[in-house]
Amino acid sequence: MNQLALISGKIGALWTLSKKDIIFLNDLPQEFKADLQTFIIGETLYMKEGKLVIGNNLYKKWLRKLQARGFDYEIDFKNSD
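Q: Would you mind going over the sheet that holds strand 3 (residues 51-54) with me for this structure?
A: Sheet strands pair by backbone hydrogen bonding; their relative direction is either parallel or antiparallel. Strand order in the open sheet formed by three strands is 1-3-2, and the pairing between neighbours is antiparallel. Each having just a single partner strand, strand 1 (23-24) and strand 2 (46-48) make up the two edges of the open sheet. As paired strands, strand 1 and strand 3 are joined by two bridges and run antiparallel to one another. Bridging across to strand 3, F24 finds its partner in V53.

Spelled out as structure tokens, the structure:
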């Protein structure tokens, strides 16, 4: 698969994930976790089924940050599936 299409698909999947009722931190592709974890520091989270849940409003707020300012970390797609 073309590297650019792979990157586009993974970023598009972030927006698709926002349509889920429950978003677990483990649902997020590994390359994006550092950015989200930094963004949610100090926010209230909860556990469900033994997994950390990110509220939809908080997740969407992070997506808006990505649109406005981009990622705070360099994203390495070379080691992606």
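Q: How should the environment of L17 be read in this particular structure?
A: Position of L17 among the secondary structure elements: in helix 1 (residues 3-17). Here the alpha-carbon distance between L17 and K60, two residues 43 residues apart in the chain, equals 9.8 Å.

Q: What is the right way to look at the pattern of salt bridges in this model?
A: Pairing between side chains becomes possible if they bear opposite charge and their charged atoms approach one another. On inspection of all chains with the given rule, the structure shows four salt bridges. Across the salt bridge formed by E31 and K10, the nearest N and O atoms sit 3.4 Å from each other. On the criterion of sequence distance, the pair formed by E31 in helix 2 (residues 30-39) and K10 in helix 1 is long-range, its members being 21 residues apart. Side by side, E31 and K10 carry an identical accessibility label, which is buried. Note that K65 and D72 form a salt bridge whose closest N and O atoms lie 3.3 Å from each other. Each of D35, K65 and D72 takes part in a single network of salt bridges with overlapping partners.

The rules behind these values
Residues numbered from 1 in each chain as written. Predicted model: local features only at pLDDT ≥ 70, side-chain atom pairs only at ≥ 80, totals over all residues. Heavy atoms only, no water. Pairing = 2+ DSSP bridges. Helix = DSSP H or I, 4+ residues; strand = E, 2+ residues; numbered from the N terminus. Salt bridge = Lys/Arg side-chain N within 4 Å of Asp/Glu carboxyl O. Buried < 20%, exposed > 50% of the residue type's maximum accessible area, 1.4 Å probe, protein only.

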